[in-house]
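Each chain, letter by letter, is given below.
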Amino acid sequence: MLKIAYLECQTGIAGDMCLGALVDAGVPIEYLNTQLARLGIGAEYHLWANKVHHNGQIATKVHVDLMAIASAVPAASAHRGHSHAAEREHPHAHPEPASIDTATTEKRGHAHKHPHEHSHGHHHHEGEHTHPPANSTKNFQSQHYTHIVAAEPIEDDTEHHHHHYDTPQRNLPQIEKLIQAANLPARATQWSLDIFRQLAISEGAVHGIDPSEVHFHEVGAVDAIVDIVGTCLGLDYLDIAKIYCSPLPTGGGTVRAAHGILPVPVPAVLKLFSSRNVPVYSNKIDRELVTPTGAAIAVALATEFGAPPAMQLQQIGLGAGTIELPIPNILRLWLGTEIASSAATTPTVRPEYLETIEVLSTQIDDLNPQAIGYIFDRLFQAGALDVFTQPIGMKKSRSGILLTVICSIAIAPDCEQIIFKETSTLGIRRDRQTRSILPREIQSVVTKYGTVRVKVARNNLVDDDSIVNVHPEYEDCAAIAQEQKLAWREVHQLALIAWHNLNG
């Protein structure tokens, strides 16, 4: 059976949360470090993970610390066209890459806790944030946008110090070259390329430039490369064949960028949402919950968005964001095997052969039977698809008929008026239905008595258009039968034989 994964994103999705969920589900961080080393950028980052709690639930938090040399720069004078890596600036020791600790961060080699918060820790743009003042954590939001400074409190520009990293700027062709030269597993390579291309397309569309011309810290940032490629390596390691994703929360509020204050979701995320018609909703949390990296992962890899698929659930991986939210800030990765549903084995009708119709019906118990034939003629002249009656028993033990008209939605009002005018009914029921129809064509065959038209119907399935019905036209058979003094069914049979002889 196929192994499938479902991304449950109640508090959004970011690259580090995906990677954390995969590590939590059993992907060894040693494996990730070994594979990622093939990219040739190992000197630029330090990958490690630890266990954290959110609302009492334990999950895995993955960290990608940038190893570039930092220089202190006053926040008030920092150029806002650059990204900044607030969460990564730890010149002191870190845990070994292969360790996952349940202790708090400072117990594993950090000298202090940061008083600030980040929504998801790091992202492409990811993780490149400034430190807000310690007294303004309430308003701090993580920032994820092209060429932007990290998010700061919108209403508080109190001067403070942070570190600026001169991380390499890489455009899409350069990143593609890195990935293609790394000799990674084939699926991980293709998935990684797909995600970066989606991200570059969305950013390019926002700024009105070609994706290959997009130069931005965030897609080229080391942490974004590690998050995206690491996520793809983890999915490949777990042998996931299909990925599904829940609807995504929009988040809310605003973030400060190089281009000014932007609403959440930021433009690149909205562009990614629209590219796949992603179902979105508000969970009333005014934070940036879906980052461009997270959105690109979902859009590029998810087969479908919606409720969990039919699956035999085997394992859950929990990937942590950074801050505390009203609900656990955790991405839940459901892992299991696909269960064949009845829908999966049901033949699929081609959309063009499904149509919506109106069904009109009314009971009549006091109409002269001679009028029924006339009503049929009027309704067919108006364009009804079908008209029929059925004998019924009505109130007071009266015998009556049920008159039913099938028509297109457009002419339903006309058919209603005919019924009201030509019958004694005082009410008509409407029922809108979907009907499946077969494509058909009229062919002609020649018999020894004359030409007969034959209606040929084919299957309407996506993967099957075989002939399912061949029927000589009644009027043609009747005309020949009367003219030649033959039985109607004999002419009908001759026409069928002629058609089969002609079509093998």
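Residues numbered from 1 in each chain as written. Predicted model: local features only at pLDDT ≥ 70, side-chain atom pairs only at ≥ 80, totals over all residues. Heavy atoms only, no water.

Enquirer: Provide a residue-level description of the pattern of salt bridges, including the pertinent values.
Expert: Applying the stated criterion across every chain yields a total of 15 salt bridges. A salt bridge links Glu358 to Arg432; the shortest N-O distance between them is 3.1 Å. Highlighted residues: Glu358 in strand E17 (residues 354-364) and Arg432 in strand E20 (residues 429-436), separated in sequence by 74 residues. Judged by its relative accessible area of 4%, Glu358 falls in the buried class. (Salt bridge = Lys/Arg side-chain N within 4 Å of Asp/Glu carboxyl O. Helix = DSSP H or I, 4+ residues; strand = E, 2+ residues; numbered from the N terminus. Buried < 20%, exposed > 50% of the residue type's maximum accessible area, 1.4 Å probe, protein only.)

Enquirer: Give me the nonpolar core: which residues, what numbers.
Expert: In this structure, Leu47 and Leu248 are the most contacted members of the largest nonpolar core, which totals 70 residues. Each residue touching Leu248, except ones within four places of it in the same chain, is listed here: Cys9, Ile13, Phe273, Val278, Pro279, Val280, Tyr281, Val290, Ala298 and Phe305. Counting 17 residues, the second-largest nonpolar core is a separate cluster that includes Ile364, Leu403, Ala412 and Ile428. (Core = buried A, V, L, I, M, F, W, Y, C linked by side-chain atoms within 4.5 Å. Contact = heavy atoms within 4.5 Å.)

Enquirer: Describe in detail the packing of aromatic side chains, supporting the description with residues and values.
Expert: Applying the stated rule across the entire model yields three aromatic pairs. Pairing Tyr6 with Trp334 gives two aromatic rings, centres 5.3 Å apart and planes at 70°, and the pair type is edge-to-face. Of the two residues, Tyr6 sits in strand E1 (residues 3-8) while Trp334 sits in strand E16 (residues 330-338), which places them 328 residues apart along the sequence. Judged by its relative accessible area of 3%, Tyr6 falls in the buried class. Pairing Tyr31 with Tyr237 gives two aromatic rings, centres 4.8 Å apart and planes at 45°, and the pair type is tilted. (Phe/Tyr/Trp six-rings, centres within 6.5 Å; stacked < 30°, edge-to-face > 60°.)

Enquirer: Pulling in residues and values, what's your account of the packing of helix H10 (residues 370-382) against helix H11 (residues 412-422)?
Expert: Relative to each other, H10 and H11 sit at 160°, their axes nearing to 10 Å. Classed by the angle they form, the pair H10 and H11 counts as roughly antiparallel. The crossing of H10 and H11 is right-handed. When H10 is examined against H11, the residues Tyr374, Ile375, Arg378, Leu379 and Ala382 are found in contact with a partner set consisting of Cys415, Ile418, Ile419 and Glu422. Taken together, the residues that form the contact of H10 with H11 break down as seven nonpolar, no polar and two charged. (Axes fitted to C-alpha atoms, helices over the stretch in contact; angles between N-to-C directions. Parallel < 35°, antiparallel > 145°, perpendicular 65-115°, else oblique. Left-handed = near helix turned anticlockwise from the far one by under 90°. Nonpolar A, V, L, I, M, F, W, Y, C, P; charged D, E, K, R; others polar.)

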